[in-house]
Amino acid sequence: MSSLAIGAFIGISGLLIMLTGIPIAFALGIISVASILLFLDPVQFDMLGDFIFGSINDFTLLAIPLFVFMGALFANSKASVDLFEAAQKWTSRIPGGLAVSSVIACAIFAALSGSSPATAAAIGKTGIPQMQKRGYSNAVATGAIVAGGTLGILIPPSVVLILYGVAVEQSIGQLFLAGVIPGIILTLLFCLWIVIAVRLERKGISVSSPEGATYVTTYPWKERVASLIKVIPFLLLILGILYTLYAGLATPSEAAAVGAVLSLIMIIVFYRSLTWKKLVHMLLETTKESTMILLITAFSALIGTVLSFLSVPQDLATFIIGLDMSKWLVLIFINIFLLVLGFFIPPAAIILMTAPIIYPIIVGLGFDPIWFGIIMTLNMEAGLITPPVGLNLFVVKGIAPDIPTSDIIKGSLPFVGVIFVAIALFTVFPEIVTWLPNLLFN
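Let us look at the structure shown here. Being a predicted model, the structure only gives us computed values, none of them experimental. Along every chain, residues carry numbers that run from 1 in the direction the sequence is written. Local features in this predicted model are restricted to residues whose pLDDT is 70 or higher, and side-chain atom pairs enter the listing and the counts only when it is 80 or higher, whereas totals over whole chains, interfaces and linings include all residues. Heavy atoms throughout the structure, all of them, feed into the side-chain values; hydrogens and water do not.

1. Focus on the packing of aromatic side chains
Filter applied, for reference: Classification of ring pairs rests on two measures: the distance between centres of Phe, Tyr or Trp rings, Trp counted by its six-membered ring, which must be within 6.5 Å, and the angle between planes, read as stacked under 30 degrees, edge-to-face over 60 and tilted in between. For the purposes of this entry, the term helix denotes a DSSP run of H or I that reaches at least four residues, the term strand denotes a run of E that reaches at least two, and both are numbered from the N terminus. Burial classification: accessible surface area is computed with a 1.4 Å probe over protein chains only, and a residue below 20% of its type maximum counts as buried, one above 50% as exposed, and the rest as partly exposed.
Using the criterion set out here, one finds 5 aromatic pairs in the structure. Consider the rings of W328 and F367, whose centres lie 5.3 Å apart with planes at 70 degrees: the pair is edge-to-face. You can see W328 sitting in helix α16 (residues 327–342) and its partner F367 sitting in the loop between α17 (347–364) and α18 (369–384), a full 39 residues away along the chain. We classify W328 as partly exposed; its relative accessible area is 40%. We classify F367 as buried; its relative accessible area is 8%.

2. Some details on the state of the cysteines
Each disulfide is one covalent bond, formed between the sulfur atoms of two cysteines. To keep it simple, the criterion reads: We call a pair of cysteine sulfur atoms a disulfide when they lie within 2.5 Å.
In total, this model carries 0 disulfides according to the counting rule given. Distance from the sulfur of C106, which forms no disulfide, to the nearest cysteine sulfur (C191) is 9.9 Å. According to the relative accessible area criterion, C106 is buried, its value standing at 0%. Among the residues examined, C191 registers a relative accessible area of 9% and is labelled buried.

3. Topic: unusual backbone geometry
In the segment running from P156 into P157, the intervening peptide bond is cis, with an omega of 0 degrees. Inspection of the secondary structure puts P157 in the loop between α8 (138–150) and α9 (159–168). The phi dihedral of E169 falls on the positive side, at around 60 degrees, and the residue is not glycine. Mapping E169 onto the fold places it in the loop between α9 and α10 (172–178).

Nothing here speaks to function; it is all geometry.
Spelled out as structure tokens, the structure:
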């Protein structure tokens, strides 16, 4: 059996095991062990423990639980309320300003958490009830939160970008910088679509908007400035983390530690609502989420090692590069492949399973691996808001159980099209992604 046939067998078998509902980390572990016994020398099974330990014995991965903890601190405080209110007062004159402010608040919170579900949950708990009170349709209200939450894995610090960097051995710092401008542009594109959607509803094109909806309001400048003062500490924290990282004062993991400690101090000083019980709860939740990610990391690395021993990534790259096919057509197929995987599998698992295999193809075709990390992350964002396993859809349904799932999906799917527009834009103009990392790292 050829290496490509073996790789296809392992891939299909792994996907079928995942579809049974077994946790993804364990599914990867099962297919890894089975592949070693079937296709490699059984003696290599004795190295199983060393492979697993070596895959997570990486100082860079320490940034994951630290950023997760930082996000948990803000998600369990009133910080998300302050961010939402400030964004709301500064966007109040825009049609659909409350929904636009939700996306902007998500973008700022994303820079504090690095997690998509945490961003959607934190802002959605405040934003959705406020939009409902003001007469926004269920589709607009939930769509803004579902889409805005996806910014958590694009705007640095991003857990997904950390995993991509570890998987393909690329600079985490450059990946973080590469995500800044695309994150801002995607935020603006989301806001633009909300304005368009609200105008369509007001013209009666959509039947989902209730009568009497109030989309525009005004706030005096005094209230706007007062709300901004509450947000300044968070913005300084974001700038502080980025400065320690890009001034060469700290590694990504050390910068994450600085961010976690400063976040804890800020929550204690500004909100004074952190109890020992809440802290223990956040630490347990951080441990739970981080353990899940690291288990996926370990077993993804194991299956990647098995495939490498079998020469699957190398032979696949050679096969695709040797085809008489435009590199842009190959890129389109890769994007479609990633999008389909996103229908069923969480972003972290997709990144860790596929990045080491796709990486040689991308490099062989002449694409920038840092640029592709952002393109891959955008595909993961689309997967977060597409059924049947769009994670953000379930998060929003959990915080707004009174809203029908059909309305949530209806409001969210147009944002998938917006993400595709962003992918096309960054593909035609890759300098948008690479300019900032090239500027600072050259």
